[in-house]
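Chain by chain, the residues run as shown.
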Amino acid sequence: MADQTHVLFVEDDDVIREATQLALERDGFAVTAMPDGLSGLEAFRTNQPDIALLDVMVPGLDGVSLCRRIRDESTVPVIMLSARADSIDVVLGLEAGADDYVTKPFDGAVLVARIRAVLRRFGHAGRADRVDEADAASNGGLLTFGDLEIDTEGMEVRRAGQGVALTPTEMRLLLEFSSAPGTVLSRDKLLERVWDYGWGGDTRVVDVHVQRLRQKIGQDRIETVRGFGYKLKA
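First, a word on scope: everything that follows refers to the structure included in this document.

Analysis parameters
Residues numbered from 1 in each chain as written. Predicted model: local features only at pLDDT ≥ 70, side-chain atom pairs only at ≥ 80, totals over all residues. Heavy atoms only, no water. Helix = DSSP H or I, 4+ residues; strand = E, 2+ residues; numbered from the N terminus. Buried < 20%, exposed > 50% of the residue type's maximum accessible area, 1.4 Å probe, protein only. Axes fitted to C-alpha atoms, helices over the stretch in contact; angles between N-to-C directions. Left-handed = near helix turned anticlockwise from the far one by under 90°. Contact = heavy atoms within 4.5 Å. Pairing = 2+ DSSP bridges. Core = buried A, V, L, I, M, F, W, Y, C linked by side-chain atoms within 4.5 Å. Expected span 1.5 Å × (residues − 1). Parallel < 35°, antiparallel > 145°, perpendicular 65-115°, else oblique. Nonpolar A, V, L, I, M, F, W, Y, C, P; charged D, E, K, R; others polar.

Moving on to unusual backbone geometry. At the junction of K104 and P105, the peptide bond is cis and its omega measures out at -5 degrees in the coordinates. Mapped onto the elements, P105 comes out in the loop between β5 (100-103) and α5 (108-123). Look at A160: it is not a glycine, yet its phi comes out positive at around 55 degrees. Mapped onto the elements of the fold, A160 is located in the loop between β8 (156-159) and β9 (162-164). According to the relative accessible area criterion, A160 is exposed, its value standing at 57%.

Once that is clear, we can look at the environment of V90. Checked against the element boundaries, V90 lands in helix α4 (residues 88-95). On the basis of relative accessible area, V90 is assigned to the buried category, the value being 3%. For the pair formed by V90 and V64, sequence separation is 26 residues and the distance between their alpha carbons is 9.1 Å.

Each pair of packed helices gets described by two things: the angle between the helix axes and the distance between those axes. At a minimum axis distance of 9 Å, the contact between α4 and helix α9 (residues 204-217) shows a crossing angle of 35 degrees. Along this stretch, α4 crosses α9, giving a crossing that reads as right-handed. For the pair formed by α4 and α9, the contact residues are V90, V91, L94 and E95 on the first element and R204, V205, V208, H209 and R212 on the second.

A few words on the sheet that holds β9. A sheet is described by the order of its strands in space; here 4 strands give the open sequence β6-β7-β8-β9, paired in antiparallel fashion. At either end of the open sheet lies a strand with only one pairing partner, and these are β6 (142-145) and β9. When strand polarity is set aside, the average angle formed by the axes of neighbouring strands in this sheet is 25 degrees. Of the pairings in the sheet, the one linking β6 to strand β7 (residues 148-151) comprises 4 bridges and is antiparallel in character.

What follows is about the nonpolar core. Counting residues in hydrophobic clusters, the biggest one holds 50 residues, and the most contacted among them are L54, M80 and F177. For this core, the element with the most residues is α9, which contributes 6 residues. For F177, the residues in contact, after removing those within four places along its chain, are L185, L190, V210, L213, I222, Y230, K231 and L232.

The next thing to look at is α9. Its 14 residues place the ends of α9 20 Å apart at the C-alpha level, agreeing with the 20 Å of an ideal helix rising 1.5 Å per residue. Within the span of α9, buried status applies to V205, V206, V208, H209, V210, R212, L213, R214 and I217. Of the residues one or two after α9, G218 is the one with positive phi, at around 120 degrees.

What follows concerns the packing of helix α2 (residues 37-47) against helix α3 (residues 63-73). In the contact formed by α2 and α3, the axes pass within 10 Å of each other and the chain directions differ by 20 degrees. Put simply, α2 runs roughly parallel to α3. Crossing of α2 against α3: the hand is right-handed. Judged by residue contacts, G37, G40, L41, F44 and R45 of α2 engage L66, R69, I70 and E73 from α3. Here the contact of α2 with α3 is composed, by residue class, of 4 nonpolar, 2 polar and 3 charged.

Sheet architecture is open: 5 strands sit in the order β2-β1-β3-β4-β5, paired in parallel fashion. The two strands at the open ends of the sheet, each matched to only one other strand, are β2 (30-34) and β5. Pairs of neighbouring strands in the sheet enclose a mean axial angle of 20 degrees, with direction left out of account. When strand β4 (residues 78-82) meets β5, the two strands line up parallel, connected through 4 bridges.

Purely geometric stuff here, so don't read any function into it on its own.
Next comes the structure, spelled out in structure tokens:
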């Protein structure tokens, strides 16, 4: 298991849990599958997985609450599973700290692709490909926007001198904005660059993450440009 990506999978439906576990294991993942939120939380703390795959509607401790508990303790990537694409559970899961979601019923290949996309994103969270290397280097890797400081080498953010704790997804989103301050970035472009979507995605993922980021770096730092997207105020 040491050389495999370890997935924590929490799902109360026995058929879905067993079939998905087998499918993920065939693709080379090590899987710990749990039937409820409380056992899922215990397994998370015991096994320290590389990624958590959580169904929204599980007994004991629902998936949204479990995601929140995990996020209180770790920045490990979390993907929520929801039975309905238009469900408020999707937004609640993202607001709780999930990085992405997949709608049930899902195709196994799509699920694996989404898992790998999230893992790639987290694996490369330590480098901002589109941040202007010359500008950052000229100031020791430090970008400054008002009271906001972004250390692109140490991957640290400070606001008014105080450290700001960001998840890897939030950090990549902020780095994307800081690479082009004052430039409007569309939701589709952010989905492609930050979430590594080579296909159409739900822009609610972007909207909720932008709101989460605003809560941490200042509500007025990222501006909404209606009908177009978002931009970082220079």
